[in-house]
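Next come the chains, spelled out residue by residue.
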Amino acid sequence: MSAYIIVESNVIDAEKLAQYSQQAAKTVTASHGEFIAKGKATLLTGESQTANGAIIRFENKEAAQAWYLCESYQALIPLRDQAMNCTFKLVDGL
């Protein structure tokens, strides 16, 4: 069953975000993940503190967790934190 990582974010530094995004995408691909949505988010109901979103699909929950915890992605977290304020959520697919 597929699993999805949902990212909600606000940009702090666009230049650092470009660096982070390029490097993070390589780790996703190396872990057999796939971005299925990325960009400005439109709020349909409720309240949100974030303007952007991304959805990354993995084969299963274990693969998603393995990607997030892998050494190559963990090394990017300091750059990510300089580039954006964000939340990452893991959601099981149907």
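Right, let's walk through the structure included here. Note that the structure is predicted; figures quoted are calculated from it, not measured. Once a new chain begins, its residue numbering starts again from 1 and follows that chain's sequence as written. Totals for whole chains, interfaces and linings use every residue, but because this is a predicted model, local features are given only for residues with pLDDT of at least 70 and side-chain atom pairs only at 80 or more, for both listing and counting. Processing note: side-chain calculations cover all non-hydrogen atoms of the structure and skip hydrogens and water entirely.

Each helix is a run of DSSP H or I of at least 4 residues and each strand a run of E of at least 2, with the numbering of both proceeding from the N terminus. Counting secondary structure elements, the chain contains four helices and four strands. Going residue by residue from the N terminus, the α and β elements of the chain occur as β-α-β-β-α-α-α-β. If you line up the chain on its principal axes, its C-alpha atoms span 30 × 30 × 15 Å. Classification of the 94 residues of the chain by burial places 28% in the buried group. Throughout, a residue-residue contact means that at least one pair of heavy atoms, one from each residue, lies within 4.5 Å. For the chain, contacts bridging at least 24 residues in sequence account for 74% of all contacts bridging at least 6. Surface accessibility follows the Shrake-Rupley procedure with a 1.4 Å probe radius. Residue values consider only the protein chains on display as shielding. Summed over all atoms, the accessible surface of the chain reaches about 6,100 Å², with 53% contributed by carbon and sulfur. Only four residue types enter the charge count, namely Lys and Arg as positive and Asp and Glu as negative; His and the chain termini do not. One atom stands in for each charge, and that atom is NZ of Lys, CZ of Arg, CG of Asp or CD of Glu. Across the chain, 8 positive and 10 negative side-chain charges occur, with their mean positions spaced 4 Å apart. Per-residue accessibility, obtained with a 1.4 Å probe over protein chains only, is compared with the maximum for each type, and a residue is labelled buried under 20%, exposed over 50%, and partly exposed between these values.

Once their charged atoms are close, side chains differing in charge can pair, the charge on each being opposite to the other. Take a side-chain nitrogen of Lys or Arg and a carboxyl oxygen of Asp or Glu: if they are within 4 Å of each other, that pair is a salt bridge. Inspection of the entire model under this criterion finds three salt bridges. As a salt-bridge pair, Lys89 and Glu8 come within 3.7 Å of each other at their nearest N and O atoms. Of this pair, Lys89 sits in strand S4 (residues 84-92) while Glu8 sits in strand S1 (residues 3-11), and the two are 81 residues apart along the sequence. With a relative accessible area of 44%, Lys89 lands in the partly exposed category.

All right, on to the sheet that holds strand S2 (residues 34-40) then. At least two bridges found by DSSP between two strands is the condition for calling them paired. Here we have four strands laid out as an open sheet, ordered S2-S3-S1-S4, and antiparallel in their pairing. Whereas interior strands pair on both sides, the edge strands pair on one side only; in this sheet they are S2 and S4. Strand-to-strand, the axes of this sheet are offset by a mean angle of 15°, without reference to chain direction. Here seven bridges tie S1 to strand S3 (residues 52-58), and the two strands are oriented antiparallel to one another. What sits directly across from Glu8, in S3, is Gly53. To obtain each axis, a line is fitted to C-alpha atoms, and for helices this fit is confined to the stretch in contact; angles are then taken between N-to-C directions over 0 to 180 degrees. Against the sheet, helix H1 (residues 14-30) contacts S1, S2, S3 and S4, and its axis sits at roughly 165° relative to S2. Against the sheet, helix H2 (residues 61-69) contacts S1, S3 and S4, and its axis sits at roughly 155° relative to S4.

With that out of the way, let us pick up the environment of Ala63. Here Ala63 is to be found in helix H2. C-alpha of Ala63 to C-alpha of Gly33: the two residues are 30 residues apart in sequence and 8.2 Å apart in space.

Ile5, Tyr20, Ile56, Phe58, Trp67 and Tyr73 are the most contacted members of the largest nonpolar core, which totals 18 residues. Looking at this core, the elements that each hand over two or more residues are S1, H1, S3, H2 and helix H4 (77-83). It is H1 that provides the largest number of residues to this core, a total of four residues. Setting aside anything within four residues of it in sequence, one finds Ile5 in contact with Ala54, Ile55, Ile56, Phe58, Ala64, Trp67, Phe88, Lys89 and Leu90. By convention a nonpolar core is built from buried Ala, Val, Leu, Ile, Met, Phe, Trp, Tyr and Cys residues, the set being connected through side-chain atoms within 4.5 Å.

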